[in-house]
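Residues per chain are reported as follows:
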Amino acid sequence: MKTVVLKFGGTSVGSIDRIKKVCKIIAFYKKNRNRVVVVSSAMSGVTNELVNKSKLISNNFDRAEYDVLVSTGEQVSCALIAGRLKHNGFKSRSWTSWQLPILTDGPYSSARISSVGIKELNKYIKSGGIPIITGFQGINNDFRITTIGRSGSDATAIMLAKFIKADECIIYTDVDGVYTTDPRQHNKAKKIKKILYDEMLEMASLGSKVMQPTSVQDAKLNKIDIKVKSSFVSKSGTLITGSNKVFSNQIITGISSTKNDAKITIVGVKDRPGVAASIFRPLSKNLINVDMVVQNISQNGKETDLTFTIKSEDLKKTERLIKKNKSISYKKLSFDKDLSKVSIIGVGMITTPGITYRMFQALASKKINILVISTSEIKISVLISSKSVKKAIAVLHKEFKLE
Ligand code: ADP
Ligand code: ASP
Ligand code: MG
């Protein structure tokens, strides 16, 4: 008998009708003699509404209460799923994080699951029951509720699969797999049959929302294969795995993009050891995430220009922090909004020369101006105007023969 973890995302449980459909998928696995464990997200839109409510109460809403608030959506969807399964004659019950418990470490809003209590859960599964477990939430050492980052139900499913030693972990969502690029942005996107953890991790971190980046890291660390499938249509999905067998001869596996990036350039910074640390220290203290960083070599050894990117929502705060930073001196500050990072990802680039040139040439052929570049072994990212993202994805998709 196989044990399967089935995770349903927000859109998959987005209405009463959808919940009834999801229960049919669960019943299918149960009738096929599997031991079934379900993890559910909140109904789509619910978590965002809760976040907005916290903002209306205070622009400095208590961080612990924030997690109590935003984790409530999952309790609703889980009770509805369990209730429907019982209505259909199955043995089922809901489980919230403190009831198992799902223990977490780290700060509120971005905690990480460290262990899952499985004793009661295993007893229940063995007795034929179908546990429906709230994704996204855990508890910390103080017995307070935590959340594990937006889209965190993916990580809940993967960590449950680890602790109950499941044979399969299936992420049910609103697309039928991981595509070469977001299929809602580019209609020539193609489904990927198998993708390596490292490639999926880069794609997710660089903006492909289909999987939460932390969850892919958890899967990689614990060697859990993940299947991504649609809860809307019955089709084969994508396997995310660590197997090092070559899957295809593609150089580039996928293209990701971000929204709402902003760029800051500090011109004529007095150059001295430690100057970059002095600029970024207050940003880090204020939890502002800095992404791409470029520092020019100072020609006279005295002054340099420093450019970095952040999320647009942090722009005002960042400007304020730089202006009041007495430990640096510079000539000019400039800002740019409405930017996006477009990245090509693929392990094939390690062994294939000339990919950077092909990417830049393809973008140039469409007159797309590159503002900042960053690379790693398996990805190349460029910062461009958000207006050009669609065009950039289309030309790169074609250049690297992804369609
Ligand atoms: P869920 O609510 O099921 O967790 P998400 O909205 O988090 O679903 O993720 C699914 C969405 O991810 C899709 O609707 C799709 O628009 C988006 N997406 C972005 N990049 C990709 C990609 N490369 N492949 C598939 N989907 C992608
Ligand atoms: N409901 C949470 C969110 O919207 C968690 C999840 O969907 O996985 O971020
Ligand atoms: Mg998701």
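Structure shown above.
Residues numbered from 1 in each chain as written. Chains lettered and ligands numbered in written order. Predicted model: local features only at pLDDT ≥ 70, side-chain atom pairs only at ≥ 80, totals over all residues. Heavy atoms only, no water.

Engineer: Explain the site of ligand 1 to me, please; I cannot follow it from the model alone.
Structural biologist: Taken together, 18 residues form the shell around ligand 1, and within it T173, D174, Y179, R184 and K209 come nearest. Contacts to ligand 1 include G10, whose backbone N or O atom sits 3.0 Å from an oxygen atom. Within the side chain of R184, an N or O atom sits 2.8 Å from an oxygen atom of ligand 1. Protein chains bury 91% of the 570 Å² of accessible surface belonging to ligand 1 in isolation. The residue inventory of the shell around ligand 1, partitioned by class, reads six nonpolar, seven polar and five charged. (Near = heavy atom within 4 Å. Polar contact = N/O pair within 3.5 Å; in protein donor to acceptor, adjacent residues only side chain to side chain. Areas by Shrake-Rupley, 256 points an atom, 1.4 Å probe, with all protein chains shown as cover. Nonpolar A, V, L, I, M, F, W, Y, C, P; charged D, E, K, R; others polar.)

Engineer: Can you help me understand the site of ligand 2 in this one?
Structural biologist: In the vicinity of ligand 2, the contacting residues are S41, A42, T47, E74, F136, R150, S151, G152 and S153. The separation between an oxygen atom of ligand 2 and a polar side-chain atom of S41 is 3.3 Å. In this structure, T47 approaches ligand 2 through a side-chain N or O atom, which is 2.8 Å from a nitrogen atom. For ligand 2, whose free accessible area comes to 260 Å², the fraction covered by protein is 87%.

Engineer: When you look at helix α7 (residues 197-205) in this model, what are you seeing that I'm missing?
Structural biologist: Think of an α-helix as 3.6 residues a turn; residues three or four steps apart then line up on the same face. The buried fraction of α7 is high, at seven of nine residues. Of the residues making up α7, those classed as buried are Y197, E199, M200, L201, E202, M203 and A204. Note on α7: the residue one or two positions beyond its end, G207, has a positive phi of about 120°. (Buried < 20%, exposed > 50% of the residue type's maximum accessible area, 1.4 Å probe, protein only. Helix = DSSP H or I, 4+ residues; strand = E, 2+ residues; numbered from the N terminus.)

Engineer: Mind showing me how you'd approach the sheet that holds strand β6 (residues 130-134) here?
Structural biologist: Sheet strands associate in pairs through backbone hydrogen bonding, adopting either a parallel or an antiparallel arrangement. Spatial ordering of the open sheet is given by β3-β6-β2-β1-β9-β11-β12-β10, a layout of eight strands whose pairing is mixed. One side of each edge strand has no neighbouring strand; the edge strands of this open sheet are β3 (92-95) and β10 (194-196). When strand polarity is set aside, the average angle formed by the axes of neighbouring strands in this sheet is 25°. Pairing of strand β1 (residues 3-8) with strand β9 (residues 168-173), which is carried by five bridges, proceeds in the parallel orientation. In the sheet register, K7 faces β9, and the bridge partner there is I171. (Pairing = 2+ DSSP bridges. Axes fitted to C-alpha atoms, helices over the stretch in contact; angles between N-to-C directions.)

Engineer: I keep staring at the pairing of strand β14 (residues 261-270) and nothing clicks. Help me out?
Structural biologist: Looking down a regular strand, the side chains alternate between one sheet face and the other. Among the 10 residues of β14, eight are classified as buried, and the element is accordingly described as predominantly covered. Bridge analysis of β14 against strand β16 (residues 303-311) gives eight bridges, and the strand direction is antiparallel. Across the sheet, the residue bridging to K263 is T309, located in β16. Pairing of β14 with strand β17 (residues 332-345), which is carried by six bridges, proceeds in the antiparallel orientation. Residue I264 lies in a different strand from β17, and its bridge partner there is F335.

Engineer: Help me out: how do you make sense of the pattern of salt bridges in this one?
Structural biologist: Once their charged atoms are close, side chains differing in charge can pair, the charge on each being opposite to the other. By the definition in use, this model includes 17 salt bridges. For the salt bridge of K2 with E168, the shortest nitrogen-to-oxygen distance reads 2.9 Å. Taken as a pair, K2 in the segment before β1 and E168 in strand β9 lie far apart in primary sequence, 166 residues in all. Residue K2 is classed as partly exposed on the basis of its relative accessible area, which comes to 40%. Take E168: its relative accessible area is 17%, and that puts it in the buried class. Salt-bridge contacts for K323 lead to E319; the nearest nitrogen and oxygen are separated by 2.7 Å. (Salt bridge = Lys/Arg side-chain N within 4 Å of Asp/Glu carboxyl O.)

Engineer: Sorry if this is basic, but what is going on with the packing of aromatic side chains here?
Structural biologist: Working definition: an aromatic ring pair is given by the centre-to-centre distance plus the angle between the planes. Counting across every chain of the model gives four aromatic pairs. Ring geometry for W95 against Y124: centres 5.2 Å apart, planes inclined by 80°, an arrangement best described as edge-to-face. With W95 in strand β3 and Y124 in helix α5 (residues 119-126), the pair connects residues that are 29 residues apart, well separated along the chain. Residue W95 shares its accessibility class with Y124, and that shared class is buried. Taken together, a centroid distance of 5.0 Å and an interplanar angle of 75° make the contact between F280 and F308 edge-to-face. Of this pair, F280 sits in helix α9 (residues 275-285) while F308 sits in strand β16; the two residues are 28 residues apart in sequence, bridging distant segments of the chain. This pair shows no difference in class: F280 is buried, exactly as F308 is. The ring of F232 has R18 lying over it, and the distance from NZ or CZ to the ring centre is 3.7 Å. Directly above the ring of W95 sits R93, whose terminal nitrogen or CZ lies 3.7 Å from the centroid. (Phe/Tyr/Trp six-rings, centres within 6.5 Å; stacked < 30°, edge-to-face > 60°. Lys NZ or Arg CZ within 6 Å of the ring centre and 35° of its normal.)

Engineer: Teacher, can you tell me more about the packing of helix α6 (residues 153-163) against helix α8 (residues 213-222) here?
Structural biologist: Each pair of packed helices gets described by two things: the angle between the helix axes and the distance between those axes. Contact geometry of α6 with α8 gives a least axis separation of 8 Å together with a crossing angle of 15°. As the angle between them shows, α6 and α8 are arranged roughly parallel. Relative to α8, α6 is oriented so that their crossing is left-handed. The residues of α8 that touch α6, namely those facing D154, A155, I158, M159 and K162, are S215, D218, A219 and N222. (Parallel < 35°, antiparallel > 145°, perpendicular 65-115°, else oblique. Left-handed = near helix turned anticlockwise from the far one by under 90°. Contact = heavy atoms within 4.5 Å.)

Engineer: I'm lost on unusual backbone geometry in this one. Help?
Structural biologist: Across the chain, the bulk of peptide bonds are trans and the bulk of non-glycine residues have phi less than zero. Cis geometry marks the peptide bond from L100 to P101, where omega comes out at -5°. Locating P101 in the fold gives a position in the loop between β3 and β4 (102-105). Positive phi values are uncommon outside glycine, yet K223 reaches one of about 55°. For K223, the position within the fold is in the loop between α8 and β11 (226-230). K223 gets classed as exposed once you look at its relative accessible area, which sits at 71%. Despite not being glycine, K401 shows a phi value in the positive range, around 55°. Take K401: it is sitting in the segment after α12 (389-399).

Fair warning: the whole summary comes from geometry, so function is off the table for now.
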